[in-house]
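Spelled out, the chains give:
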Amino acid sequence: MVTIQQIPLEKIRGKRILVLIDPNIEKAARTLGSLIGKSAKLIVATHVGEPGGQSPTKLKLDFPKELSHTLGLRVRKLHDAVGWA
């Protein structure tokens, strides 16, 4: 398995990379930080549902804010990512 750290800078710099992460931001911060350090343009996706059908309200409200705080960067949230628009 190849890790993010092993991918040459030339293959990542300036590229848009979709990263699917766990809602636990601390687990993803190292990978995201490494990609940001290599000048990648990140699109971060996560799931909002929880096992057993519990309400994901807290996750929806806090995730972008917590990710911004952890990374020290502005994170924008898309409210809808379905369709052509």
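Our subject in this report is the structure included herewith. Model, not experiment: these values are computed from the prediction.

### Digging into the overall build of the protein chain
Here is step 1 of the chain: Scanning the protein chain from terminus to terminus reveals three helices and two strands.
Here is step 2 of the chain: Shown N-terminal to C-terminal, the secondary structure of the protein chain runs as helices and strands in the order α-β-α-β-α.
Here is step 3 of the chain: Looking at the protein chain as a whole, 20% of its 85 residues qualify as buried.
Here is step 4 of the chain: By sequence separation, contacts in the protein chain at least 24 residues apart represent 62% of the contacts at least 6 residues apart.
Here is step 5 of the chain: When the accessible surface of the protein chain is totalled, it reaches about 6,900 Å², and 57% of it is carbon and sulfur.

### Side note on unusual backbone geometry
Here is step 1 of the chain: Positioned with a positive phi, Ser39 is a non-glycine residue whose angle comes to about 60°.
Here is step 2 of the chain: For Ser39, the location among the structural elements is in the loop between helix 2 (25-37) and strand 2 (41-45).

### Brief notes about the side chain of Ser68
Here is step 1 of the chain: For Ser68, the location among the structural elements is in helix 3 (residues 57-71).
Here is step 2 of the chain: Setting aside anything within four residues of it in sequence, one finds Ser68 in contact with Leu73, Arg74 and Val75.

### Quick word on the nonpolar core
Here is step 1 of the chain: In terms of nonpolar packing, the biggest core is built from 10 residues, these being Ile12, Val19, Ile21, Ile25, Ala28, Leu32, Leu35, Ala40, Phe63 and Leu67.
Here is step 2 of the chain: The element contributing the most residues to this core is helix 2, with four residues.
Here is step 3 of the chain: Setting aside anything within four residues of it in sequence, one finds Val19 in contact with Leu32, Leu35, Leu42, Ile43, Val44 and Ala45.

### Topic: the pairing of strand 2
Here is step 1 of the chain: The pairing of strand 1 (residues 16-20) with strand 2 spans five bridges and is classified as parallel. When the sheet's bridge partners are listed, Leu18 is paired in strand 2 with Ile43.
Here is step 2 of the chain: Read as a crossover between parallel neighbours, the route from strand 1 over helix 2 to strand 2 is right-handed.

### Considering helix 2
Here is step 1 of the chain: The terminal C-alpha atoms of helix 2 lie 17 Å apart, and with 13 residues this matches the ideal 18 Å at 1.5 Å per residue to within 8%.
Here is step 2 of the chain: Remark: Ser39 follows helix 2 within two positions and exhibits a positive phi of approximately 60°.

### So, the side chain of Lys38
Here is step 1 of the chain: Checked against the element boundaries, Lys38 lands in the loop between helix 2 and strand 2.
Here is step 2 of the chain: No salt bridge is formed by the buried Lys38, whose closest oppositely charged neighbour, Glu10, lies at an N-O distance of 8.5 Å.
Here is step 3 of the chain: A polar side-chain atom of Lys38 sits 2.6 Å from the main-chain carbonyl oxygen of Ile7.
Here is step 4 of the chain: When neighbours within four sequence positions are excluded, Lys38 is seen to be in contact with Ile4, Gln5, Ile7, Leu9, Ile12 and Arg13.

Reading the values: rules and limits
Residues numbered from 1 in each chain as written. Predicted model: local features only at pLDDT ≥ 70, side-chain atom pairs only at ≥ 80, totals over all residues. Heavy atoms only, no water. Helix = DSSP H or I, 4+ residues; strand = E, 2+ residues; numbered from the N terminus. Buried < 20%, exposed > 50% of the residue type's maximum accessible area, 1.4 Å probe, protein only. Contact = heavy atoms within 4.5 Å. Areas by Shrake-Rupley, 256 points an atom, 1.4 Å probe, with all protein chains shown as cover. Core = buried A, V, L, I, M, F, W, Y, C linked by side-chain atoms within 4.5 Å. Pairing = 2+ DSSP bridges. Right-handed = clockwise from strand over helix to strand, strands pointing away. Expected span 1.5 Å × (residues − 1). Lys, Arg positive; Asp, Glu negative; His and termini not counted. Salt bridge = Lys/Arg side-chain N within 4 Å of Asp/Glu carboxyl O. Polar contact = N/O pair within 3.5 Å; in protein donor to acceptor, adjacent residues only side chain to side chain.

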